[in-house]
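# Descriptive structure summary
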Amino acid sequence: MNYCAGLDTSSSKTAICVVASKTGDTVFETTVTTDPLAIAEALEPYLERLERIGHEAGSVAPWLHRDLSGLGLPMVLLESRHAAMALKIQRNKTDRNDAYGLAQLVRTGWFRPVHVKSEESHRFRLLLTHRRTLKRKLLDIENEIRQSLKVFGLLVGPRVRELTAQDALIGGVTECMLRAWSALWREYKRLHDLLIRFVGHDELCRRFMTIPGVGPVTALSFKAAVDDPRRFAKSKTVGAHFGLTSRRIQSGDSIDFDGHISKCGDGEVRTALYEAASAMLVRSKKWCAVKAWGVKIAAKRGHKRAVVAVARKLAVIMHRMWMDGSEFRFSAGEPAPKPAKKGARLALATAP
């Protein structure tokens with residue numbers, strides 16, 4: 001008899017359920033600590049006949065997936081939204097029932113597998129997310145100081161300390177906020193400089209940055225999110241992966257229209273591509289075929305739709321550049337440019 005198993009994981013405990021592949025009957029249930037060795041030990045009696053072991057995508061999923069696969073277990077990572085909708089039919093929401101439901105999903109094959117990114121990509125994402133968090137906290141402190149002082153008729157400019165020096169209480173409270181802002185700013189600059197060094201020594205990111213509007217953050221975000229370009233059979237599906245294509249809403253004969261973009265996938269990469277597209281259309285002085293195409297769309301359908309279209313086009317172009325090892329071409333009939341020297345590329349990467 002062959003078996004399938006489901007794991008419902010949390011940061012401390014993991015519920016395990018093993019079912020028979022043909023009948024779906026429950027064979028074994030237990031709860032262990034969230035540790036690859038403990039999970040492998042619990043499943044060891046069934047290891048030779050285990051067909052698949054399913055678990056949902058989550059914070060600890062990449063770590064468990066890599067370590068359990070290394071121990072020889074047939075792991076499958078399930079798309080979390082798809083699994084959550086399937087588990088909603090259960091009357092009672094418990095870890096035990098979720099593990100049973102996941103086991104039934106992998107047994108029937110009614111699941112959507114998720115790509116497990118490499119450890120290198122997760123390291124890049126760690127750098128990007130921490131840098132983004134510090135940047136947001138900096139903006140929060142700036143906005144808090146500016147908004148709170150308006151109550152006293154103090155309109156904040158470049159000299160905040162001089163503005164609040166007349167009142168001891170307001171000046172003391174504001175000084176605490178300014179010291180916190182200075183500390184965050186120093187650490188933010190350290191992470192940003194580290195990101196610039198990473199990008200400057202990465203050949204793929206340097207090629208990405210030859211595209212007008214694409215900077216270090218967009219280049220590294222795209223590389224970390226895609227991880228393996230071969231998992232996309234066609235380049236045009238990358239835009240849909242990051243939620244830059246419109247939804248289709250159809251029901252019967254009376255309802256059939258295209259809605260707004262789906263906003264699926266990594267929102268930070270989608271934001272970076274949107275900002276790069278906006279910079280290409282508005283701020284970049286270099287003319288290229290993509291920009292000309294976007295300007296035509298803006299004239300017909302508006303600026304926002306044009307930026308989304310160009311962002312989707314950038315995702316397609318960057319994926320194709322990655323697959324082919326090619327350089328960005330400013331016009332359709334232009335031959336592939338020669339690679340720039342390493343010193344010139346490093347200078348480009350360190351530019352503001």
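A quick note: this is a predicted structure, and the numbers were derived from the prediction, not measured. (Residues numbered from 1 in each chain as written. Predicted model: local features only at pLDDT ≥ 70, side-chain atom pairs only at ≥ 80, totals over all residues. Heavy atoms only, no water.)

### Quick notes on the side chain of Ser221
Note on placement: Ser221 falls in helix α9 (residues 216-226). Here Ser221 is in contact with Leu128 and Val269, once residues within four sequence places are set aside. (Helix = DSSP H or I, 4+ residues; strand = E, 2+ residues; numbered from the N terminus. Contact = heavy atoms within 4.5 Å.)

### Quick look at the sheet that holds strand β2 (residues 13-20)
The five strands lie next to each other as β3-β2-β1-β4-β5, forming an open sheet whose pairing is mixed. The sheet is open, and its two edges are formed by β3 (26-33) and β5 (75-78), each paired on a single side. The average angle at which neighbouring strand axes cross in this sheet is 20°, direction not considered. Two elements, strand β1 (residues 3-9) and β2, share seven bridges in a ladder whose sense is antiparallel. When the sheet's bridge partners are listed, Tyr3 is paired in β2 with Ala20. Where helix α1 (residues 36-43) meets the sheet, it contacts β1, β2, β3 and β4 (50-56), and its direction lies at approximately 155° from that of β3. (Pairing = 2+ DSSP bridges. Axes fitted to C-alpha atoms, helices over the stretch in contact; angles between N-to-C directions.)

### What about the packing of α9 against helix α13 (residues 303-324)?
Here α9 crosses α13 at 70°, and the two axes come no closer than 12 Å. Overall, the two elements α9 and α13 adopt an arrangement that is roughly perpendicular. Listed contacts from α13 to Thr218, Ala219, Phe222, Lys223 and Val226 of α9 are Ala315, Met318, His319 and Trp322. Across the contact of α9 with α13, the residue classes break down as six nonpolar, two polar and one charged. (Parallel < 35°, antiparallel > 145°, perpendicular 65-115°, else oblique. Nonpolar A, V, L, I, M, F, W, Y, C, P; charged D, E, K, R; others polar.)

### Some points on the nonpolar core
Phe208, Ile211, Leu220, Phe222, Phe242, Leu273 and Leu314 are the most contacted members of the largest nonpolar core, which has 44 residues in total. When contributions to this core are tallied by element, the ones reaching two or more residues are α5 (119-149), α7 (168-200), α8 (203-208), α9, α11 (267-283), α12 (289-301) and α13. In terms of residue count, the dominant contributor to this core is α13 (twelve residues). Beyond its immediate sequence surroundings of up to four residues, Phe242 is in contact with Phe222, Ala225, Val226, Cys264, Asp266, Val269, Arg270 and Leu273. Counting 19 residues, the second-largest nonpolar core is a separate cluster that includes Tyr3, Leu7, Ile53 and Met75. (Core = buried A, V, L, I, M, F, W, Y, C linked by side-chain atoms within 4.5 Å. Buried < 20%, exposed > 50% of the residue type's maximum accessible area, 1.4 Å probe, protein only.)

### Details of the confidence of the model for the protein chain
Residues at a pLDDT of 70 or more form 94% of the protein chain, whose mean pLDDT is 91. When pLDDT is averaged over each helix and strand of the protein chain, the minimum, 44, is found for helix α14 (residues 342-349) and the maximum, 97, for α9. Below a pLDDT of 50 lies the segment residues 342-352, which in the model reaches 17 contacts outside its immediate sequence neighbourhood of four places, other chains included. (pLDDT = per-residue confidence, 0-100.)

### Some points on the environment of Asp256
Tracing the sequence through the fold places Asp256 in strand β7 (residues 255-261). By relative accessible area, Asp256 is classed as partly exposed at 46%. In the structure, Asp256 is positioned 14 residues away from Arg270 in sequence and 26 Å away in space, judged by C-alpha atoms. Ignoring sequence-local partners within four residues, the contact set of Asp256 consists of Arg248, Ile249 and Gln250.

### Some words on the environment of Gly267
Here Gly267 lies in helix α11. Using a relative accessible area of 27% as the deciding quantity, one classes Gly267 as partly exposed. In this structure the C-alpha to C-alpha distance between Gly267 and Met323, which are 56 residues apart in sequence, comes to 23 Å.

### A closer look at the packing of aromatic side chains
Per the counting criterion, the structure on display carries nine aromatic pairs. With centroids separated by 6.4 Å and ring planes inclined at 75°, the aromatic side chains of Phe208 and Trp322 adopt a geometry described as edge-to-face. A residue pair is termed long-range when its members are at least 10 positions apart, and Phe208 in helix α8 and Trp322 in helix α13 qualify at 114 residues. A residue is classified by how much of its surface remains accessible, and Phe208, at 0% relative accessible area, is buried. Ring geometry for Phe328 against Phe330: centres 5.1 Å apart, planes inclined by 75°, an arrangement best described as edge-to-face. According to the relative accessible area criterion, Phe330 is partly exposed, its value standing at 26%. In this structure an aromatic cluster arises from ring pairing among Phe208, Phe222, Phe242 and Trp322. Over the face of the ring belonging to Trp293 we find Lys313, whose NZ or CZ atom lies 4.6 Å from the ring centre. (Phe/Tyr/Trp six-rings, centres within 6.5 Å; stacked < 30°, edge-to-face > 60°. Lys NZ or Arg CZ within 6 Å of the ring centre and 35° of its normal.)

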